[in-house]
Amino acid sequence: MASNSILQSKRFRNWAELPPELLEMILLRDEAFHVLMSARRVCKAWHRVGSDPALWRVLDLRCAGYRYGVDVETMARRAVDLSCGQSVDLSIAFWATDHVLLYISQRSSQLRRVHLVSCSNLTNVGLIQVVKNLPLLEELHLYHIDVSWHVIKAAGRHCPQLKSFKLNDQHKGTQNDLCNKEAQAVAKYMPGLRHLQLVANTMSLEGLLAIFKKCHHLETLDIRQCHNLKPLLLYHEADLLKCLAQCKKNLRITYDNLLAEESDKPIFSSLWPYL
């Protein structure tokens, strides 16, 4: 009988009596849209914890909220309102628009990190307005988003604490394109960067050297799939060596083996003494 009573007590545990600290840990592991749509409606205790601004310091809105049959923009605004301006981390994939991102930035000036993935509805004008509202931003990571050098300029000017910038343009450039505007904008307006990723960028050696010469604090540089560098690096590796020896001795570079077809020797093999 005693064992049966123990089993019954475990089976019918009153989840409303969980300590608030434990409940907060549980909800922090849940999807934001699920917390908004379901968890906060369980009982008064869950609603109270689910409404605590501390729970919304990290706004992970990458989950497709339409799975719950709701307007994702409306729910995102609700999450931002619950944060009471305390959010420091924002992640959105696919559905973000200029309007909702501007709404978030105007009410979340404490944001340190913004990660956006495949948000095709965003415009450069909208992104420029957003970064103007984020003076404490330290990380800006943009994946598969059409971004012009004007956005880079605005982020560099209005986000003086920016330390990490990632721009993944895999869907954009081709090997026949050539443009150094993004790289030159990074060099001119983001000299304090520690970490930089320009994947599939269309820069030439001119853009790469501009980054080396201006961004003196760089610790990591990711230039994978930058196809325009392939023919030029064959003849200008000495220039890179000289520039790195002067100002970038502790830089770690991630790159493709651009000479894999022509040689067994990696293109940057002679740079390792300086990395």
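As named in an unreviewed UniProt entry, the protein is F-box/LRR-repeat protein 23, taken from Heracleum sosnowskyi.

## Section: unusual backbone geometry
Excluding glycine, residues mostly have negative phi values, and the peptide bonds linking residues are mostly trans. Unlike most non-glycine residues, F94 shows phi in positive territory, near 80°. Examined against the element boundaries, F94 turns out to sit in the loop between β2 (89–93) and α6 (98–106). We classify F94 as exposed; its relative accessible area is 54%.

## Comments concerning helix α10 (residues 205–214)
Where burial is concerned, most of α10 is hidden: seven out of the 10 residues are buried. Along α10, the positions that sit buried rather than exposed are L205, G207, L208, L209, A210, I211 and F212.

## Section: the packing of aromatic side chains
Within the structure shown, the criterion is met by zero aromatic pairs. Between R107 and the ring centre of Y103, over which it is positioned, the NZ or CZ distance is 3.6 Å.

## Things to note about the pattern of salt bridges
Scanning all chains against the criterion turns up four salt bridges. D60 serves as the salt-bridge partner of R62, at 2.7 Å between the closest nitrogen and oxygen. R62 gets classed as partly exposed once you look at its relative accessible area, which sits at 46%. Assessed through its relative accessible area of 31%, D60 is described here as partly exposed. Among the ionic pairs, R113 bridges to D89, the shortest N-O distance being 2.9 Å. Of this pair, R113 sits in strand β3 (residues 113–117) while D89 sits in strand β2, and the two are 24 residues apart along the sequence. The exposure class of R113 is partly exposed, given its relative accessible area of 25%.

## Side note on the pairing of strand β5 (residues 164–168)
Where a strand is regular, its side chains alternate between the two sheet faces. For β5, the buried fraction is high: four of the five residues fall into the buried class. As defined by bridge partners, strand β4 (residues 139–143) adjoins β5 across five bridges and the pair is classed as parallel. What sits directly across from H141, in β5, is K166. What joins β4 to β5 is helix α8 (residues 149–158), and the crossover it makes is right-handed. Sheet topology places β5 next to strand β6 (residues 195–199); five bridges connect them, and they run parallel.

## With respect to the sheet that holds β2
With parallel pairing, eight strands are arranged side by side in an open sheet as β1-β2-β3-β4-β5-β6-β7-β8. Unpaired on one side and paired on the other, β1 (58–61) and β8 (252–254) mark the two borders of the sheet. On average, each strand axis in the sheet is inclined to that of its neighbour by 5°, with strand direction left out of account.

## Remarks on α8
Where α8 is concerned, the buried positions are V151, I152, A154, A155 and G156. Packing partners of the buried residues in α8 comprise α7 (124–131), β4, β5 and α9 (181–189).

## Thoughts on empty space enclosed by the protein
For the structure on display, the rule yields one cavity of 30 Å³ or more. Reported here for the largest cavity is a volume of approximately 40 Å³. Around the largest cavity, the lining residues are L101, V114, L116, L127, V130, V131, L134 and L140. Elements that contribute at least two residues to the lining of the largest cavity include exactly β3 and α7. Of the residues forming the lining of the largest cavity, the biggest block, three residues, is contributed by α7. By residue class, the composition of the lining of the largest cavity is eight nonpolar, no polar and no charged.

## Concerning the side chain of S108
Within the secondary structure layout, S108 lies in the loop between α6 and β3. Here S108 falls in the buried class, since its relative accessible area comes to 0%. Here the side chain of S108 touches I104 through a polar contact of 2.9 Å, landing on its backbone oxygen.

What counts, and at which threshold
Residues numbered from 1 in each chain as written. Predicted model: local features only at pLDDT ≥ 70, side-chain atom pairs only at ≥ 80, totals over all residues. Heavy atoms only, no water. Helix = DSSP H or I, 4+ residues; strand = E, 2+ residues; numbered from the N terminus. Buried < 20%, exposed > 50% of the residue type's maximum accessible area, 1.4 Å probe, protein only. Phe/Tyr/Trp six-rings, centres within 6.5 Å; stacked < 30°, edge-to-face > 60°. Lys NZ or Arg CZ within 6 Å of the ring centre and 35° of its normal. Salt bridge = Lys/Arg side-chain N within 4 Å of Asp/Glu carboxyl O. Pairing = 2+ DSSP bridges. Right-handed = clockwise from strand over helix to strand, strands pointing away. Axes fitted to C-alpha atoms, helices over the stretch in contact; angles between N-to-C directions. Contact = heavy atoms within 4.5 Å. 1 Å grid on protein atoms, 1.4 Å probe; cavity = no way out; pocket = protein on both sides within 12 Å on 5 of 7 lines; lining within 4 Å. Points joined across faces, edges and corners; volume = space filled by probe spheres on them. Nonpolar A, V, L, I, M, F, W, Y, C, P; charged D, E, K, R; others polar. Polar contact = N/O pair within 3.5 Å; in protein donor to acceptor, adjacent residues only side chain to side chain.

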